[in-house]
Amino acid sequence: MSDYVEEFLKKYEESSADKIYFFGFSFGAYIALVASSRVRVDAQILCSISPYFIEDIPYLKSSWKKLFGKNRIKDFKKFKSSDIASNVNTDTFMLYGDNEVSMVKTRALDIHKSLKCDKHVVSVTDARHDLESGKYLREIERIIRSL
């Protein structure tokens, strides 16, 4: 994850846009959250953030840990969501599908509580961990129009 964040920030530094918005789904939301704690962003939309922060590791299924491997799990332990969220200074929209695994909802709500900026949390009705869901896309479109 550390490498992905650094790569993301390099792309950010290359931008000459007047306004910068971050958007991420799943691990992309994780990366955007970490990045937004380090740089200026006008707003961000974080969808179905992956629950792989240090506080999540003890509750992960062993099969999930095995899937990612020891090195990646070790890297996840470098990131504490509450510490990261407390350093975010941008309007943040946290979305999750109400039919996702409970850890995704829990992580989104916990991050939302830790944010000290303008913040919004949205439970997308009848949505799973699938960005292509019509309801999920409609909610994202609604948020984008409000920016």
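Here we summarise the structure given alongside this text.

## Examining the overall build of the protein
Here comes step 1: Each helix and strand in the protein was counted, giving six helices and four strands.
Here comes step 2: Each helix and strand of the protein, placed in order from N terminus to C terminus, yields the pattern α-β-α-β-α-α-β-α-β-α.
Here comes step 3: In summary, the protein has a C-alpha radius of gyration of 15 Å against a globular reference of 15 Å for 147 residues, a match within 12%.
Here comes step 4: Burial analysis of the protein (147 residues in total) assigns 45% to the buried set.
Here comes step 5: Long-range contacts, defined as pairs at least 24 residues apart, comprise 65% of the intrachain contacts of the protein with a sequence gap of at least 6.
Here comes step 6: As presented, the protein carries roughly 8,400 Å² of accessible surface, and 49% of it is formed by carbon and sulfur atoms.
Here comes step 7: Side chains of the protein carry 24 positive and 21 negative charges; the gap between the two charge centres is 6 Å.

## Description of the environment of Val 124
Here comes step 1: For Val 124, the location among the structural elements is in strand S4 (residues 119–124).
Here comes step 2: The exposure class assigned to Val 124 is buried, which follows from its relative accessible area of 4%.
Here comes step 3: C-alpha separation for the pair Val 124 and Gly 69, spaced 55 residues apart in sequence, amounts to 31 Å.
Here comes step 4: Not counting residues within four places of it along the chain, the set of residues in contact with Val 124 comprises Leu 95, Tyr 96, Gly 97, Asp 98, Lys 135, Tyr 136 and Glu 139.

## Description of the nonpolar core
Here comes step 1: The biggest cluster of nonpolar side chains holds 36 residues, and the ones touching the most others in it are Phe 22, Tyr 30, Leu 33, Ile 49, Phe 53, Phe 76 and Ile 111.
Here comes step 2: Going through the elements one at a time, helix H1 (2–14), helix H2 (27–36), helix H3 (62–76), helix H4 (81–85), strand S3 (91–97) and helix H5 (102–114) are the ones with two or more residues in this core.
Here comes step 3: The leading source of residues in this core is H2, at seven residues.
Here comes step 4: Excluding residues that lie within four positions of it along the chain, Phe 76 makes contacts with Met 1, Phe 27, Tyr 30, Tyr 52, Phe 53, Ile 54, Ile 57 and Phe 68.

## Brief notes about the side chain of Ser 50
Here comes step 1: Tracing the backbone through its elements, the reader meets Ser 50 in the loop between strand S2 (43–47) and H3.
Here comes step 2: Judged by its relative accessible area of 3%, Ser 50 is buried.
Here comes step 3: In this structure, Ser 50 is in contact with Ser 26, Phe 27, Tyr 30 and Arg 107, ignoring residues within four places of it in sequence.

## Re the packing of aromatic side chains
Here comes step 1: In total, this model carries 14 aromatic pairs according to the counting rule given.
Here comes step 2: Residues Phe 8 and Phe 22 carry aromatic rings whose centres are separated by 4.8 Å and whose planes lie at 80 degrees to one another, so their mutual orientation is edge-to-face. Of the two residues, Phe 8 sits in helix H1 while Phe 22 sits in strand S1 (residues 21–25), which places them 14 residues apart along the sequence.
Here comes step 3: Exposure remark for Phe 22: the relative accessible area of 6% places this residue in the buried category.
Here comes step 4: With 5.8 Å between their ring centres and 75 degrees between their planes, Phe 68 and Phe 76 make a pair best called edge-to-face.
Here comes step 5: Using a relative accessible area of 19% as the deciding quantity, one classes Phe 68 as buried.
Here comes step 6: Three or more aromatic residues link up through ring pairs in this structure, and these residues are Phe 27, Tyr 30, Tyr 52, Phe 53, Trp 64, Phe 68, Phe 76 and Phe 79.

Reading the values: rules and limits
- Residues numbered from 1 in each chain as written.
- Predicted model: local features only at pLDDT ≥ 70, side-chain atom pairs only at ≥ 80, totals over all residues.
- Heavy atoms only, no water.
- Helix = DSSP H or I, 4+ residues; strand = E, 2+ residues; numbered from the N terminus.
- Rg over C-alpha atoms; globule rule 2.2 N^0.38 Å.
- Buried < 20%, exposed > 50% of the residue type's maximum accessible area, 1.4 Å probe, protein only.
- Contact = heavy atoms within 4.5 Å.
- Areas by Shrake-Rupley, 256 points an atom, 1.4 Å probe, with all protein chains shown as cover.
- Lys, Arg positive; Asp, Glu negative; His and termini not counted.
- Charge placed at Lys NZ, Arg CZ, Asp CG, Glu CD.
- Core = buried A, V, L, I, M, F, W, Y, C linked by side-chain atoms within 4.5 Å.
- Phe/Tyr/Trp six-rings, centres within 6.5 Å; stacked < 30°, edge-to-face > 60°.

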